[in-house]
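Okay, here's what each chain looks like letter by letter:
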Amino acid sequence: MAERRLLLLLGLGLAGLSALYLLWHLRPPVDYILPLRATKLSALILVGAASGAATVVFQTVAGNRLLAPGIVGFDALFVFTQTMLVFGLGAAGYATLPALPRFLGDLSVMLVASLLLFGLLLRRGAGDVIRMLLTGVILGALLRGLASFAQRLLEPSEFAVVQQATVASFGSVDRTQLGIAAAVLAAGLGGAMALAPRLDVAALGREKAFSLGVDHDRLTLVALALVAALVSAATALVGPVAFLGLLAASLARAALPTERHAITIPAAAVTGAAILVAGQSVFERFLGLQSTLGVVVEFAGGLLFLALVLRRRPA
């Protein structure tokens with residue numbers, strides 16, 4: 001009961017931050033400004049919630065609380081895709097690509113690639129999770145190297161386009177894309193909450209899960225598919241935000257020290273959303289640095305990762 005109260009307080013805190021973001025110094029023309037703020041706020045909440053929830057599920061499947069979904073190369077694949085589009089089409093051609101087809105293409109490429117990775121490497125059972133993680137790390141390094149090589153061949157103007165396209169941005173989110181991503185998020189969160197009781201059992205280990213009647217291998221594949229959908233939708237919408245999920249999951253577990261996924265998944269989702277909304281509010285309203293939120297989140301998440309590595313052993 002206390003955990004649910006704390007979760008409710010987190011939700012109320014997010015609601016308060018959201019109201020503050022929408023109404024702070026709201027001046028005419030309200031009909032123009034308020035929808036813009038609401039769209040950006042929705043993107044912040046969606047990306048934060050997707051990252052937090054996906055990280056909790058991924059950490060349970062991987063059996064390690066130091067990991068985040070980005071380790072299997074989502075961010076690297078997105079950067080590689082944008083780089084090759086600019087390399088092949090040029091800056092002018094890339095700029096003329098319709099936003100919706102490009103979003104759907106990014107979403108499809110990341111989703112299909114991740115499902116192929118998970119399916120092929122885990123076809124003999126969830127005991128191959130470590131092999132899957134190592135393969136993801138290697139593929140991510142390979143894609144980053146190829147993207148870096150291609151970027152060196154670009155003209156300065158084309159390179160600037162790549163840089164802009166591969167940095168997380170919440171300022172120009174299309175409402176149609178936002179609606180599609182929101183639908184994916186709703187389905188992903190719903191699926192994760194439906195799996196919560198079985199994830200509690202899976203966290204005990206593969207052998208114990210089988211002895212308690214849970215098909216650990218099948219659960220792992222379904223859970224990773226949900227993770228892929230959540231992370232792909234968030235990344236395709238605004239770009240990669242490294243370490244956000246790790247930061248959200250760690251803070252949520254610190255605030256609500258429980259192993260029940262019915263609590264930790266929504267808590268991480270709310271925490272991730274609150275981090276982005278609070279950070280964007282500070283940068284826009286007080287510091288005027290709208291484009292540096294992703295950098296600060298990555299910096300804070302990197303420090304947290306180092307602290308987790310140095311202060312405790314992997315779970």
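Nothing here was measured: the structure is a model prediction, and the numbers come from that model.

About the criteria used
Residues numbered from 1 in each chain as written. Predicted model: local features only at pLDDT ≥ 70, side-chain atom pairs only at ≥ 80, totals over all residues. Heavy atoms only, no water. Helix = DSSP H or I, 4+ residues; strand = E, 2+ residues; numbered from the N terminus. Contact = heavy atoms within 4.5 Å. Areas by Shrake-Rupley, 256 points an atom, 1.4 Å probe, with all protein chains shown as cover. Lys, Arg positive; Asp, Glu negative; His and termini not counted. Charge placed at Lys NZ, Arg CZ, Asp CG, Glu CD. Expected span 1.5 Å × (residues − 1). Buried < 20%, exposed > 50% of the residue type's maximum accessible area, 1.4 Å probe, protein only. Arc of directions from axis to C-beta. Axes fitted to C-alpha atoms, helices over the stretch in contact; angles between N-to-C directions. Parallel < 35°, antiparallel > 145°, perpendicular 65-115°, else oblique. Left-handed = near helix turned anticlockwise from the far one by under 90°. Nonpolar A, V, L, I, M, F, W, Y, C, P; charged D, E, K, R; others polar. Core = buried A, V, L, I, M, F, W, Y, C linked by side-chain atoms within 4.5 Å. Bend = angle between axes of the 7 residues up to and from the residue. Polar contact = N/O pair within 3.5 Å; in protein donor to acceptor, adjacent residues only side chain to side chain.

Quick look at the overall build of the protein
Okay, so step 1: Each helix and strand in the protein was counted, giving twelve helices and zero strands.
Okay, so step 2: Counted from the first residue to the last, the protein has its helices and strands arranged as α-α-α-α-α-α-α-α-α-α-α-α.
Okay, so step 3: Projected onto its principal axes, the C-alpha positions of the protein cover 60 × 45 × 35 Å.
Okay, so step 4: Contacts in the protein between residues far apart in sequence, at least 24 positions, make up 78% of those at least 6 positions apart.
Okay, so step 5: For the protein, the computed accessible surface area is about 15,100 Å², with 68% contributed by carbon and sulfur atoms.
Okay, so step 6: Of the side chains in the protein, 23 bear a positive and 15 a negative charge, and the two mean positions are spaced by 7 Å.

Here we look at helix 1 (residues 2–23)
An α-helical turn contains 3.6 residues, so any two residues separated by three or four positions project in the same direction.
Okay, so step 1: Here helix 1 contains 22 residues, and its C-alpha end-to-end distance of 31 Å stays within 8% of the 32 Å for a straight helix at 1.5 Å per residue.
Okay, so step 2: What helix 1 keeps buried is the set Leu7, Leu14, Ser18 and Tyr21. Looking straight down helix 1, one finds its buried side chains confined to an arc of 65°; they lie on one side. Exposed and oriented more than 90 degrees from the buried face of helix 1 are Arg5, Leu8, Leu9, Leu12 and Leu23.
Okay, so step 3: Looking one or two residues beyond helix 1, the residue adopting positive phi is His25, at roughly 50°.

Brief notes about the packing of helix 2 (residues 30–62) against helix 7 (residues 175–202)
Okay, so step 1: Across the interface, helix 2 lies against helix 7 with an axial gap of 10 Å and an inter-helix angle of 30°. The angle between helix 2 and helix 7 places the two elements in the roughly parallel class. Considering how the two elements wind past one another, helix 2 and helix 7 form a crossing that is left-handed. Facing helix 2, whose interface residues are Pro35, Leu36, Thr39, Ser42, Ala43, Leu46, Ala49, Ala50, Ala53, Val57 and Thr60, helix 7 presents Arg175, Leu178, Ala181, Ala182, Leu185, Leu189, Ala192 and Leu199.
Okay, so step 2: When its residues are assigned to classes, the contact of helix 2 with helix 7 shows 15 nonpolar, three polar and one charged.

As for the nonpolar core
Okay, so step 1: Residues Val47, Phe58, Val72, Met132, Leu133 and Leu237 are the most contacted members of the largest nonpolar core, which totals 78 residues.
Okay, so step 2: Among the elements that make up this core, the one with the highest residue count is helix 2 (14 residues).
Okay, so step 3: Beyond its immediate sequence surroundings of up to four residues, Leu237 is in contact with Ala43, Leu46, Val47, Phe103, Val173, Gln177, Leu178 and Ala181.
Okay, so step 4: Val86, Leu154, Val162 and Ala165 belong to the second-largest nonpolar core, a separate cluster that totals five residues.

Some points on helix 7
Okay, so step 1: The end-to-end C-alpha separation of helix 7 is 37 Å, in line with the 40 Å expected for 28 residues at 1.5 Å each.
Okay, so step 2: The largest bend in helix 7 is about 55°, located at Ala196, with the proline Pro197 one to four residues further on.
Okay, so step 3: Those residues of helix 7 lying buried are Gln177, Leu178, Ala181, Leu185, Gly188, Gly191, Ala192, Leu195, Ala196, Leu199, Val201 and Ala202.
Okay, so step 4: Of the residues flanking the start of helix 7, the one acting as N-cap is Asp174, its side-chain oxygen 2.9 Å from the backbone nitrogen of Thr176.

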